[in-house]
Amino acid sequence: MSTPTPPASTLMVGSIELPNRLFVAPMAGVTDRPFRMLCKRLGAGYAVSEMVTSRKDLWNSLKTSRRANHEGETAPISVQIAGTDAAMMAEAAAYNIDRGAQIIDINMGCPAKKVCNKWAGSALMQDEALALEIVEAVVAACAPRNVPVTLKMRTGWSQLNKNAVRIARAAESAGVAMLTVHGRTREQGYKGQAEYETIAAVKAAVRVPVVANGDITSPEKAELVLKLTGADAIMVGRAAQGRPWIFGDIAHYLATGTHRARPLTLQVRQWLVEHLHEHYGLYGEFAGVRTARKHIGWAVRALPGGEDFRAHMNTLDSIDSQIQAVTHFFDELSLHHDRLPDAAPAIDEEDDAHEDRAASCAAN
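Here the structure is a predicted model, which means the values were calculated and not measured.

K.L.:
With reference to specific residues and values, describe the nonpolar core.
P.N.:
If you look at the biggest cluster of nonpolar residues, it comprises 68 residues, and the most contacted ones within it are Ile104, Met108, Val138, Met153 and Leu179. Membership of the second largest hydrophobic core comes to 26 residues, among which are Trp245, Trp271, Ile323 and Val326.

Okay, here's the thing in structure tokens:
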């Protein structure tokens, strides 16, 4: 096992310096601008946006326009794009750079069978020639504007076809500035356990930074994955849902070997309420109240009375009623628990969103 690089140290992606090595994974329906900003505020050094389609006819849709909105977002701003046509992907990169993207990430990790009505995401790993054509086109579009390109992929198409090392070498040669590897094949989806041997092999095969992703749910697991892979950074997805302070927890553990105190219950209330107001500001009241329910649910699901509160939350349909209910719940909890009870939320495969899970572009 290798000795992990200190998480507080900076990391260069092309010409851009990231403040630390703890990243938020792109998650469809989750890593919108308010959530990315919250995670950065609580210790993440880097956050990648939800996937933005390369289909030009959908760029003016409400969903895509929200995803391309980076008003007030702290740098660096990274946008993930997905598609199967090299020219369209290059155009999508330019479109997002015009709207503030400072890093472009290519989605080659989504296991969904259909993305934009074609096989994209991790399906591209089955067609290495096309995958490389897309990488080269996107790099060519970004290079004149000094915007680095990164790539997120899986270990391979299937257990018998793990080609991440070969694709990583080709992508590096084509100019990709950083590689993220989720430790599952496309065939696995999100089932089973992530493996880290392939990530370690990718790290040994390239010179650009490599990020390890998959099943990192605790500070101890973060330390283990860094040791097993030798990765330059780690990327956390579902474990940050309802627990965005996990990045600070991991940083403290890796630096000291000890766990820091659980956050104060009223501090968690403040973080959640501030996040909700940012969320409503982006989506408006009607959509905002409905999409906020999952964030509230993740925050309370492992807490005393959390399941009953989740059910109650689904009956509320206004900003004021949601804020009042959340405030009351945490105020009551604080009477018995000065700090948040020590019960890590379960990671459920049936949750609304998973890392990189992109809905059909028809919904964009």
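K.L.:
Quick one: what's the story with the sheet that holds strand E8 (residues 178-185), residue by residue and with numbers?
P.N.:
Here we have eight strands rolled up into a closed barrel, ordered E3-E4-E5-E6-E7-E8-E9-E10, and parallel in their pairing. This sheet shows a mean twist of 30° between the axes of neighbouring strands, independent of strand direction. Across four bridges, strand E4 (residues 46-53) lies against strand E5 (residues 78-82) in parallel orientation. Bridge pairing links Val48 to Ser78 in E5. The sheet contacts of helix H5 (residues 164-174) involve strand E6 (103-108), strand E7 (149-156) and E8, and relative to E7 the element is tilted by about 165°. Sheet strands touched by helix H7 (residues 219-229): strand E9 (210-213) and strand E10 (233-236). Its angle to E10, the strand with the most contacts, is close to 135°.

K.L.:
Break down the packing of H5 against helix H6 (residues 197-205) for me, citing the residues and quoting the values.
P.N.:
Two numbers describe how H5 lies on H6: the axes approach to 9 Å, and their chain directions differ by 30°. With respect to H6, the axis of H5 lies roughly parallel. Remark: the crossing between H5 and H6 carries right-handed chirality. Residues Ala164, Val165, Ala168, Arg169 and Glu172 of H5 touch H6, and the partners they reach there are Thr198, Ala201, Val202 and Ala205. The residue makeup of the contact of H5 with H6, split by class, is six nonpolar, one polar and two charged.

K.L.:
Report on the packing of helix H1 (residues 33-41) against helix H9 (residues 265-300), specifying residues and quantitative values.
P.N.:
Between H1 and H9, the least distance of the axes is 9 Å, while the angle of their chain directions is 170°. The orientation of H1 relative to H9 falls into the category roughly antiparallel. Between H1, through Arg33, Pro34, Phe35, Leu38 and Arg41, and H9, the contact on the second element is made entirely by Gln270, Trp271, Glu274, His275, Glu278, His279, Leu282 and His295. Within the contact of H1 with H9, the residues separate by chemical class into five nonpolar, four polar and four charged.

K.L.:
How would you explain the packing of aromatic side chains if you had to name every residue and give the values?
P.N.:
Summed over all chains, the structure comprises four aromatic pairs. Where Phe329 meets Phe330, the ring centres are 5.3 Å apart and the plane angle is 85°; that geometry is what we call edge-to-face. Taking relative accessible area as the criterion, Phe329 reaches 10% and is therefore assigned buried. Pairwise contacts between aromatic rings join Phe309, Phe329 and Phe330 into one cluster. Against the face of Phe286 rests Arg290, its NZ or CZ located 3.9 Å from the ring centre.

K.L.:
Run through the pattern of salt bridges, naming residues and quoting values.
P.N.:
Considering all chains together, one arrives at 12 salt bridges under this definition. Linking Glu128 and Arg166 is a salt bridge whose minimum nitrogen-to-oxygen distance equals 2.8 Å. Within this pair, whereas Glu128 is found in helix H4 (residues 128-142), its partner Arg166 is found in helix H5, the two being separated by 38 residues in sequence. Accessibility expressed as a relative area gives 27% for Glu128, which makes it partly exposed. Across the salt bridge formed by Arg310 and Glu307, the nearest N and O atoms sit 3.3 Å from each other. One end of the pair, Arg310, and the other, Glu307, are both in helix H10 (residues 306-313), three residues apart, so they sit about a helical turn from each other. Residue Glu307 is classed as partly exposed on the basis of its relative accessible area of 47%. Within the structure, one salt-bridge network assembled from shared partners comprises Arg36, Lys40 and Glu73.

K.L.:
Report on the environment of Phe286, specifying residues and quantitative values.
P.N.:
Examined against the element boundaries, Phe286 turns out to sit in helix H9. Residues Phe286 and Ser318, 32 residues apart in the sequence, show an inter-C-alpha distance of 7.6 Å.

K.L.:
So what's going on with the pairing of E10? Residues and values would help.
P.N.:
Residues Ala233 and Met235 point to one face of E10 and Ile234 and Val236 to the other, with burial holding for every one of them. Bridging between E9 and E10 involves three bridges; their strand directions are parallel. Along E10, the bridge assignment pairs Ala212 with Ile234. Regarding the hand of the β-α-β motif, the stretch spanning E9, H7 and E10 is right-handed.

Cut-offs and rules
Residues numbered from 1 in each chain as written. Predicted model: local features only at pLDDT ≥ 70, side-chain atom pairs only at ≥ 80, totals over all residues. Heavy atoms only, no water. Core = buried A, V, L, I, M, F, W, Y, C linked by side-chain atoms within 4.5 Å. Buried < 20%, exposed > 50% of the residue type's maximum accessible area, 1.4 Å probe, protein only. Pairing = 2+ DSSP bridges. Helix = DSSP H or I, 4+ residues; strand = E, 2+ residues; numbered from the N terminus. Axes fitted to C-alpha atoms, helices over the stretch in contact; angles between N-to-C directions. Contact = heavy atoms within 4.5 Å. Parallel < 35°, antiparallel > 145°, perpendicular 65-115°, else oblique. Left-handed = near helix turned anticlockwise from the far one by under 90°. Nonpolar A, V, L, I, M, F, W, Y, C, P; charged D, E, K, R; others polar. Phe/Tyr/Trp six-rings, centres within 6.5 Å; stacked < 30°, edge-to-face > 60°. Lys NZ or Arg CZ within 6 Å of the ring centre and 35° of its normal. Salt bridge = Lys/Arg side-chain N within 4 Å of Asp/Glu carboxyl O. Right-handed = clockwise from strand over helix to strand, strands pointing away.

Purely geometric numbers; function is a separate question.
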